[in-house]
Amino acid sequence: MPRSALDGLTVLITGAADGIGAATARQLIAQGARVALVDRDAHRLHVTAADLGQAALPIVADVTDVASIQEALAQTVQTFGGIHAVIANAGIMPTPTLAHQIQAADAEKVMAVNVLGVMNTVSASVPYLLDGGYILVTASLAALIPVPAGGLYTASKHAVYGYARTLRMELAHLGINVGTAFLGTVVTSMSQGVLGSAPTKPYWDSLPRFLKVGIPVDSAARAMVRGIGRRSTWVAAPSWVYLPLLLTYGWSRPLERVAVRNSALRTLTQWTPAVAVVDPAERG
């Protein structure tokens, strides 16, 4: 059997106690990777880790807490010797609310996890990826197609993709690739609980079948794992999501490539990491 491109790599996944994160971890481990599972739900996290075996390292941490996620990265490096890829997957889906009725407290809660949580994860991870590596940020089809009564979630996923695009340009000269996952409606306890609620169900039921049919979580995980192996800029599931993605953002890809080749950008992004970088020779 040919050796998997993922064999021996260490991957850290946030939001890994269940759903997409846990399914992705399972498939990565099946291909020989070691996975740090990060989640704030301690009970569910340890149950998942026990099921996945010794290649899974459970770390209880909250992505909204900078010190907590920094400690998770340090613990991963201490245990596995380094990190080759990071999946910033933790996110929450708020109760359906019309855009003009969004409450500030709800917005702060969602943005803290879906946007700042991604930023905290990336900031803590980059110093360990300086010899190359891959970051995959979980966005959503909502970053391409607005969701009525889902304005808050939609806004958070637009923000995540905007951040990832900028990050990709800034980190290119370090050999770090940055990708974004655009997933349709994945069948998880979170999505089914929100989309099946009384306010949105009639609208949801009226949509074309291709939009509302849920994606099995294992199918979404396969797309994520394939993206990690290829260090993809875009990961999409189901495959038809690539069409609105190309129509919406395809025109700007050449401009981003031109910017990356600009020597002034490299000068702009020169900086000293805040934490020590692990010597590649010391990695397992």
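My aim in this report is to walk through the structure given alongside it, one point at a time. (Residues numbered from 1 in each chain as written. Predicted model: local features only at pLDDT ≥ 70, side-chain atom pairs only at ≥ 80, totals over all residues. Heavy atoms only, no water.)

This part takes up the side chain of Arg253. Tracing the backbone shows Arg253 in helix H11 (residues 253-260). Excluding residues within four positions of it along the chain, Arg253 makes contact with Thr233 and Trp234. (Helix = DSSP H or I, 4+ residues; strand = E, 2+ residues; numbered from the N terminus. Contact = heavy atoms within 4.5 Å.)

A few words on the packing of helix H3 (residues 66-80) against helix H4 (residues 104-125). In the contact formed by H3 and H4, the axes pass within 9 Å of each other and the chain directions differ by 40°. One finds that H3 runs oblique with respect to H4. Seen from above, H3 lies across H4 with right-handed handedness. For the pair H3 and H4, contact is made by Val66, Ile69, Gln70 and Leu73 and by Asn120, Thr121, Ala124 and Ser125, respectively. Looking at the contact of H3 with H4, its residues break down into four nonpolar, four polar and no charged. (Axes fitted to C-alpha atoms, helices over the stretch in contact; angles between N-to-C directions. Parallel < 35°, antiparallel > 145°, perpendicular 65-115°, else oblique. Left-handed = near helix turned anticlockwise from the far one by under 90°. Nonpolar A, V, L, I, M, F, W, Y, C, P; charged D, E, K, R; others polar.)

A separate point is helix H10 (residues 242-249). Buried within H10 we find Pro244, Leu245 and Tyr249. Viewed along the axis of H10, the buried residues span an arc of 105°, placing them on a single side of the element. The exposed set on the far side of H10, more than 90 degrees from its buried face, consists of Leu243 and Leu247. Residues of H10 that are buried sit in contact with helix H5 (151-171), strand E6 (176-183), strand E7 (234-237) and H11. (Buried < 20%, exposed > 50% of the residue type's maximum accessible area, 1.4 Å probe, protein only. Arc of directions from axis to C-beta.)

If you check H3, its first and last C-alpha atoms are 21 Å apart, about what 15 residues at 1.5 Å a residue would give, namely 21 Å. When H3 is considered as a whole, its buried residues turn out to be Ser68, Ile69, Ala72, Leu73, Thr76, Val77 and Phe80. Residues of H3 that are buried sit in contact with strand E1 (10-14), strand E2 (34-39), strand E3 (56-60) and H4. Taking the backbone nitrogen of Ala67 as reference, a side-chain oxygen 3.1 Å away marks Asp65 as the first, capping residue of H3. (Expected span 1.5 Å × (residues − 1). Polar contact = N/O pair within 3.5 Å; in protein donor to acceptor, adjacent residues only side chain to side chain.)

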